[in-house]
Amino acid sequence: LGAHAAVGTTAGLLGLAYGGANHDDNRVRLLSTVLGGLVGNLGSGGGGGGEVTGVDQRDPTSLLKASVELANKSGGLCVLSTLSNDGGVSSRMIQPLSVELKDLNGTDGAANPGCGLRGIVFHTTAHSTKFRELSKDGHCTLTYINPGALSCVTFTCTAVRMSAEDEVALRRSWPLIPPLSILYPGGRAESDFTAWRCVPQSIQVVSVPLRLPSDATAGWAAPGITRGKSGAWGVIERAPAIE
């Protein structure tokens, strides 16, 4: 049944994407392009690695790898939450580049102090609310939800705007759909495109199939890892199991 449901979902998205491609309304054509990209992500498992297998929630390396793989299997989209000007929280969907272990921990992907830490990369226009909010305060979260896999990964980050040189390089090589020409019509990408790195300081992961969390903890706390002063990842200590 799960396989049939997945095929049905993909077929439905393909139909919407195809039907809207030649619509008179520019907004409908843009939506069809996004749906086409989502179908590609569904067909490729969301852009990340092989199957996620047994995870040891007492091992930071195991949790880190599971977080990356589950995030990349969430369809290519996530929710970015920032601090709003009124002191509340602003949330919106974004399409970042795929998460890579080397981006979180250095070139070897191991749970040791990272060298060349890069973080999770996305772009936005200089006229957007998230640009204004992140420019004022870079604290944010990225949440990847996969309802079909009953999984959720939350990266608590500090967002930093990339250098002008890196922004130009990223703009010229941006690989995802929809293309920047649709998101920045009239050649506005050259003046409005901004790129950001979200550097995670802590990660929480929930996966029902992987039994994360694997036992009953006070407050149903999700297993997680945090980066210490040395740069190394360590498991977040939780309340003891409920008797």
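Scope of this entry: the structure provided in the associated data block. Since we're looking at a predicted model, the values are computed, not measured.

Structural notes on the overall build of the protein
Part 1: Summing up its helical and strand segments, the protein has eight helices and eight strands in all.
Part 2: In the protein, which comprises 243 residues, the share counted as buried stands at 40%.
Part 3: Sequence-distant contacts, at least 24 apart, represent 64% of the contacts inside the protein between residues at least 6 apart.

Quick word on the pattern of salt bridges
Part 1: Considering all chains together, one arrives at five salt bridges under this definition.
Part 2: One salt bridge in this structure joins Asp56 and Arg58, with 3.1 Å as the shortest N-O distance.
Part 3: Take Arg58: its relative accessible area is 71%, and that puts it in the exposed class.
Part 4: A salt bridge links Glu133 to Arg92; the shortest N-O distance between them is 3.2 Å. On the criterion of sequence distance, the pair formed by Glu133 in helix α5 (residues 129-136) and Arg92 in strand β2 (residues 89-94) is long-range, its members being 41 residues apart.

Points about the nonpolar core
Part 1: Core analysis: the biggest nonpolar cluster contains 31 residues, and Leu142 and Phe155 have the highest contact counts within it.
Part 2: Counting residues per element, this core draws most heavily on helix α3 (residues 60-72), which supplies six residues.
Part 3: In terms of nonpolar packing, the next biggest core, distinct from the first, is built from nine residues, Val121, Leu170, Trp174 and Phe193 among them.

Remarks on the packing of aromatic side chains
Part 1: Evaluation of the coordinates by the stated rule reveals three aromatic pairs.
Part 2: Look at Phe131 and Trp196: their rings are 6.0 Å apart centre to centre, the planes differ by 80°, and that puts the pair in the edge-to-face class. Of this pair, Phe131 sits in helix α5 while Trp196 sits in strand β6 (residues 193-207), and the two are 65 residues apart along the sequence.
Part 3: Here Phe131 falls in the buried class, since its relative accessible area comes to 14%.

A closer look at unusual backbone geometry
Part 1: Note the cis peptide between Ile177 and Pro178, where omega equals 5°.
Part 2: Following Leu212, the chain continues into Pro213 via a peptide bond in cis, with omega recorded as 0°.
Part 3: In this fold, Pro213 is placed in the loop between β6 and β7 (224-227).
Part 4: Positive phi outside glycine occurs at Leu150, with the angle close to 50°.

What to know about the pairing of β2
Part 1: Because side chains alternate across β2, one face comprises the buried residues Ser90, Arg92 and Ile94, and the other comprises Val89, Ser91 and Met93, none of which is buried.
Part 2: By the bridge criterion, six bridges tie strand β1 (residues 78-83) to β2 in an arrangement that is antiparallel. Across the sheet, residue Ser81 finds its bridge partner in β2, namely Ser91.
Part 3: Following β1, the chain reverses through five residues before pairing antiparallel with β2; Gly87 in that reversal takes a positive phi of roughly 90°.

Comments concerning the pairing of β6
Part 1: The buried fraction of β6 amounts to eleven of the 15 residues, a majority that puts the element mostly inside the structure.
Part 2: Where strand β3 (residues 120-125) lies against β6, six bridges are found, and the strand directions are antiparallel. Note on β6: the bridge partner recorded for Thr124 is Thr194.
Part 3: Across eleven bridges, the pairing between strand β5 (residues 151-161) and β6 is antiparallel. Bridge pairing links Thr156 to Ser202 in β6.
Part 4: When β6 meets β7, the two strands line up antiparallel, connected through three bridges. From the neighbouring strand, Gln204 faces β7, where its bridge partner is Gly224.

Observations concerning the environment of Asn146
Part 1: The topology assignment puts Asn146 in strand β4 (residues 139-146).
Part 2: Along the sequence, Asn146 and Cys78 sit 68 residues apart, while their C-alpha atoms lie 9.6 Å from each other.
Part 3: Not counting residues within four places of it along the chain, the set of residues in contact with Asn146 comprises Lys73, Ser74 and Ser151.

What counts, and where the lines are drawn
- Residues numbered from 1 in each chain as written.
- Predicted model: local features only at pLDDT ≥ 70, side-chain atom pairs only at ≥ 80, totals over all residues.
- Heavy atoms only, no water.
- Helix = DSSP H or I, 4+ residues; strand = E, 2+ residues; numbered from the N terminus.
- Buried < 20%, exposed > 50% of the residue type's maximum accessible area, 1.4 Å probe, protein only.
- Contact = heavy atoms within 4.5 Å.
- Salt bridge = Lys/Arg side-chain N within 4 Å of Asp/Glu carboxyl O.
- Core = buried A, V, L, I, M, F, W, Y, C linked by side-chain atoms within 4.5 Å.
- Phe/Tyr/Trp six-rings, centres within 6.5 Å; stacked < 30°, edge-to-face > 60°.
- Pairing = 2+ DSSP bridges.

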